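For reference, the chains in residue letters:
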Amino acid sequence: MRLLQIDSSARLSSVSRELTAQFTEEWKRENPGGEVVVRDLAKTPLPLITDEWTYAVHSDPSKLTPEQREVLAISDTLIAELFAADTVVIGVPMYNFSLPWTLKAWIDQVVRIGKTFAYDANGPQGLFTGKKIVIITSRGGSYAAGSPRAQADFQEPYLRHILGFIGAIDNTFIHAENQRPGGELAAPSKTAALEQIHLVAAQ
Ligand SMILES: Cc1cc2nc3c(=O)[nH]c(=O)nc-3n(C[C@H](O)[C@H](O)[C@H](O)COP(=O)(O)O)c2cc1C
């Protein structure tokens, strides 16, 4: 069994990092002998896609030039890393009601026609199927369903959609809400997230 742990917070001492690390610890206990691969998108940021990149992904793979292969090399590596995993845990801080750019850059590299999705007569089909994805978010406020701020959560709906688009439909979201430093709800909200992590890692 293989776990891919992805971290994206700009902060090295961060809530989402603490929680993905906890998930990984519990996953290792549940999967003795399992392998863990860590992809830290803040410590090693990915390049943004370019004109050359978009041209290369829409070219005939058998006719790519050596330069085009080079342009796609990082995307190839990230996609291989993703397919090699049985479980993926993604740590996501909420920035401006959405994602950090580090994670969006990863998404742009791995959502790739012919690799993670394809079109057939019925429209787009996800090719990245049969995997378990756990998304652990940390946010300063609360965006719980039914709350006044729920409609400002552009993080979970986007991630749920883009992961589903590539075929990953077994998605579990765990939110550490109210993570304002010094806020009285920060500690109980983190404890609640840890309890969920414990349950999900054991599944
Ligand atoms: C640049 C930036 C933007 C943020 N935007 C939001 C936001 O839109 N909504 C929110 O609830 N919290 C926001 N926060 C607070 C973070 O989501 C919160 O501190 C969270 O714990 C960050 O995750 P981390 O601890 O893993 O870094 C923002 C923080 C930063 C640094």
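Check the entry above for the structure.
What counts, and at which threshold
Residues numbered from 1 in each chain as written. Predicted model: local features only at pLDDT ≥ 70, side-chain atom pairs only at ≥ 80, totals over all residues. Heavy atoms only, no water. Near = heavy atom within 4 Å. Polar contact = N/O pair within 3.5 Å; in protein donor to acceptor, adjacent residues only side chain to side chain. Areas by Shrake-Rupley, 256 points an atom, 1.4 Å probe, with all protein chains shown as cover. Nonpolar A, V, L, I, M, F, W, Y, C, P; charged D, E, K, R; others polar. Helix = DSSP H or I, 4+ residues; strand = E, 2+ residues; numbered from the N terminus. Buried < 20%, exposed > 50% of the residue type's maximum accessible area, 1.4 Å probe, protein only. Contact = heavy atoms within 4.5 Å. Salt bridge = Lys/Arg side-chain N within 4 Å of Asp/Glu carboxyl O.

Undergrad: Where do I start with the site of the ligand in this structure?
TA: Near the ligand there are 16 residues, and of these Ser9, Arg11, Ser16, Met94 and Ser138 occur at the shortest range. Here an oxygen atom of the ligand and a side-chain polar atom of Ser138 are 2.6 Å apart. In this structure, a nitrogen atom belonging to the ligand sits 3.0 Å away from a main-chain N or O atom of Gly140. Bound to the protein, the ligand loses 74% of the 630 Å² it would expose on its own. The class makeup of the residues in the shell around the ligand is six nonpolar, eight polar and two charged.

Undergrad: Where do I start with the environment of Arg11 in this structure?
TA: Looking at the element boundaries, Arg11 is found in the loop between strand 1 (2-7) and helix 1 (15-30). Arg11 gets classed as partly exposed once you look at its relative accessible area, which sits at 47%. The spatial distance from the C-alpha of Arg11 to the C-alpha of Pro93 is 9.3 Å, given a sequence separation of 82 residues. The contacts of Arg11, once residues within four sequence positions are left out, are Arg17 and Tyr95.

Undergrad: I tried to follow the pattern of salt bridges on my own but got confused; where do I start?
TA: Side chains that carry opposite charge are capable of pairing whenever their charged atoms lie near each other. What the rule picks out here adds up to 12 salt bridges. In this structure, Glu35 and Arg2 form a salt bridge, with 3.3 Å as the shortest nitrogen-oxygen distance. One end of the pair, Glu35, is in strand 2 (residues 35-40); the other, Arg2, is in strand 1, with 33 residues separating them in the sequence. Its relative accessible area of 40% is what places Glu35 among the partly exposed residues.

Undergrad: Quick question: what am I supposed to make of the side chain of Asp153 here?
TA: Mapping Asp153 onto the fold places it in the loop between strand 6 (132-138) and helix 6 (156-165). Among the polar contacts listed, one links the side chain of Asp153 to the backbone nitrogen of Gln155, at a separation of 2.8 Å. Beyond its immediate chain neighbours, meaning those up to four positions away, Asp153 contacts Met94, Phe97, Arg139 and Tyr143.

Undergrad: Help me out: how do you make sense of helix 5 (residues 101-110) in this one?
TA: Within an α-helix, residues lying three or four positions from one another point in the same direction, as the helix has 3.6 residues per turn. Counting buried residues in helix 5 gives seven out of 10 residues, a clear majority hidden from the surface. Every buried residue belonging to helix 5 is among Thr102, Leu103, Ala105, Trp106, Ile107, Gln109 and Val110, and all of these are buried. On its buried face, helix 5 sits against strand 1, helix 2 (51-57), helix 4 (73-84), strand 3 (87-93) and helix 6.

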